[in-house]
Amino acid sequence: MPEVRVIDVCRDFGRQRALDEVDLTIEAGSLTALVGPTGCGKTTLLELIAGLQHPTRGRITVDGEDVVGPRRDAILIFQQHNLFDWLTVRDNVAFGLRNRGLSRSEARRRAVEQLERVGLAAFADRVPAELSGGMRQRVALARALVLVPRLLLMDEPFGSLDHQTRRIMQRYLLTTWRQSRATVILVTHDLDEALRLADRIVLLSASPGRPVEVVDVPAPHPRNLEDGQLRQVRDRLHAHLEEEVALSEFAGAELAALAEAGFKSITPHVGVDGGLKDESA
Amino acid sequence: MSLTSNIRIWRGPAPPSSAGASRRRRSDLRSVGGLVAAWLLLGTAWELGARLGVLNAAILPPPSQFIPYLIATSGSVGLGVNKVSYAQSLVETVIRVAAGFGLGIGTGLGVGTLLSALPWARVIGVPIAQILAPIAPIAWIPLAIVLFGTGDGAAVFVVFMGVAASMTLATVAALGGVPAEYIKSARSLGSSGWRLWLRVILPAAAPGVATAIRLSFFAAWMSVLAGEMAGINSGLGSLVILGQQEFQMKLVMAGLVTIGILGFGFDRLLLVLRTRLLWWEARGARAEA
């Protein structure tokens, strides 16, 4: 269960700053959600932690070791293009094992075992296009879990699923996460998803991305979002997120018009720093 | 617990049933039936038109005339040194197109992959291919004849030039179009180097490449015929021109129909190869249906 530390990280794309002075500590074995408007660099941050990109400044450590490239114990899961269309479900799950030097037959045997554990063994010979969206994400999760990752990085993993499937997959993730005891970092633009799943929510502001609020959510599972304290956190984060979205989406004059039209929460950006840690929830 | 009962809600798409298989067979039969029926209809109209004098049979000889003509002359036409055999022309053209197409596709795939893998080579290579690709294959004929004479070499060269550059560009485009998430997923799962290319990037690009190959065949087929009509004095294209020069319209018609049928046949062959090699596509399409 690795602890992830993001230390004063900046990431530029050309002259555009995507992430600015991100300083975060993600506790071992926790489930952290990165929430923010489109373009706030949450995917970039995830890929930096995964070692698929490198910070322009600052450093990232996992278990105290600097991240210099993809780590054996860290797996990334996306919303789409997760599974390889040209491999059967079995070979998709065996993919990572083969990369680790296992023979084809041994990799397949373990892949089927993993599929049995998640109730997908009957679909081993299917190709991804023959599966439903939820099943595809379950296979993607199985493909990650078969490698026994200690760090699971998920980028909007349920973003393309319909509402019901999404809810079921969220519960599914909670159970598998508890069993695996991996450290999970989940990127989402859905605040409710973050509130349902996460131990800690990191709200990022838009361009350049920077944590503006870090909220611990110690509520037990399953959670009821209408529940008193959770609801307070939700309302406040909603207002904050809406403001961030508006700020990243609109220019000054439009913002004034929006404010007049009743979006009270929208005020000029005053640069809230990451110190606004909320412990009340 | 309740979770497991919830998960059981998902039922995957039903396994391919025998009803589905028979529906597929029916649709195959229908397309073959349509092909035969369409040509019977056109042939009958052609015959009737010629018999009734609506069509000038001297210019548009119907199948009942050019097929017996081919058999009666045992496919040998022309006079003296110009005498050519139908069967020999057909074989010549097929060999030329196969060689030029194979070399062109192979080169395009190889160079395209190399250019995709090496960014600095791409800076030089892509502009060169971009200038070579729009040159009409026929435009290479004068150079081809000077280089290789009027034989097979020139024809293969023309086909090659008509295919290689555009196939290079198509390969670069297909490889460049592989979703970044595939590559990131693969790297995150420990794949790198040649393994990443072989197991992820190339299969992901394969459908785009396959489409480009099929389109390239039409370019190749037109190139070889145009070349044979414009200077390379042998093969099917040359046979059609010879028929026109000697006003043997039966020969011209026989040549045209042969060109159409062969081109169609090759295209079907490529389609069958695609469905065999990219087997997952058909299964995905079936699941969509």
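A. Seen up close, the side chain of A:Asp20. Checked against the element boundaries, A:Asp20 lands in strand β2 (residues 16-26). Residues within four places of A:Asp20 in sequence aside, it is in contact with A:Val9, A:Cys10, A:Pro208, A:Gly209 and A:Arg210.

B. Structural context of the environment of B:Leu256. Residue position: B:Leu256 is located in helix α11 (residues 249-277). Taking relative accessible area as the criterion, B:Leu256 reaches 42% and is therefore assigned partly exposed.

C. Spotlight on the environment of A:Gly69. The residue A:Gly69 is located in the loop between β5 (65-66) and β6 (74-77) in this model. Taking the C-alpha atoms as reference points, A:Gly69 and A:His54, 15 residues apart in sequence, are found 8.2 Å from one another.

D. Examining the confidence of the model for chain A more closely. All names here are of chain A. For chain A, per-residue confidence averages 85 on the pLDDT scale, and residues scoring 70 or more make up 93% of the total. Taken element by element, chain A is modelled with least confidence in helix α8 (residues 252-260), mean pLDDT 76, and with most confidence in helix α2 (residues 89-99), mean pLDDT 95. pLDDT under 50 marks residues 268-281. Its contacts with residues more than four places away, or in other chains, come to 24 contacts.

E. Representation of the packing of helix α4 (residues 86-117) of chain B against helix α9 (residues 193-229) of chain B. All names here are of chain B. At their nearest, the axes of α4 and α9 sit 9 Å apart, and the two run at 145° to each other. Viewed along their axes, α4 and α9 form a crossing whose handedness is right-handed. Contacts from Thr93, Arg96, Val97, Phe101, Ile105, Leu109, Thr113, Ser116 and Ala117 in α4 reach Trp197, Leu202, Val209, Ile213, Ser216, Phe217, Ala220, Trp221, Val224, Leu225 and Glu228 in α9. Considered class by class, the residues forming the contact of α4 with α9 number 14 nonpolar, four polar and two charged.

F. Broad picture of the sheet that holds strand β8 (residues 183-188) of chain A. Residue and element names in this part refer to chain A. As summarised here, the arrangement of the six strands in space is β6-β7-β8-β3-β9-β10, forming an open sheet in which the pairing is mixed. The open sheet has two edge strands, β6 and β10 (210-216), and neither has a second partner. Here the average twist between neighbouring strands, direction ignored, is 15°. As judged from the five bridges shared by strand β7 (residues 151-155) and β8, these two strands associate in the parallel manner. If you follow aspartate 155 over to β8, its bridge partner there is valine 187.

Cut-off values and rules
- Residues numbered from 1 in each chain as written.
- Chains lettered and ligands numbered in written order.
- Predicted model: local features only at pLDDT ≥ 70, side-chain atom pairs only at ≥ 80, totals over all residues.
- Heavy atoms only, no water.
- Helix = DSSP H or I, 4+ residues; strand = E, 2+ residues; numbered from the N terminus.
- Contact = heavy atoms within 4.5 Å.
- Buried < 20%, exposed > 50% of the residue type's maximum accessible area, 1.4 Å probe, protein only.
- pLDDT = per-residue confidence, 0-100.
- Axes fitted to C-alpha atoms, helices over the stretch in contact; angles between N-to-C directions.
- Left-handed = near helix turned anticlockwise from the far one by under 90°.
- Nonpolar A, V, L, I, M, F, W, Y, C, P; charged D, E, K, R; others polar.
- Pairing = 2+ DSSP bridges.

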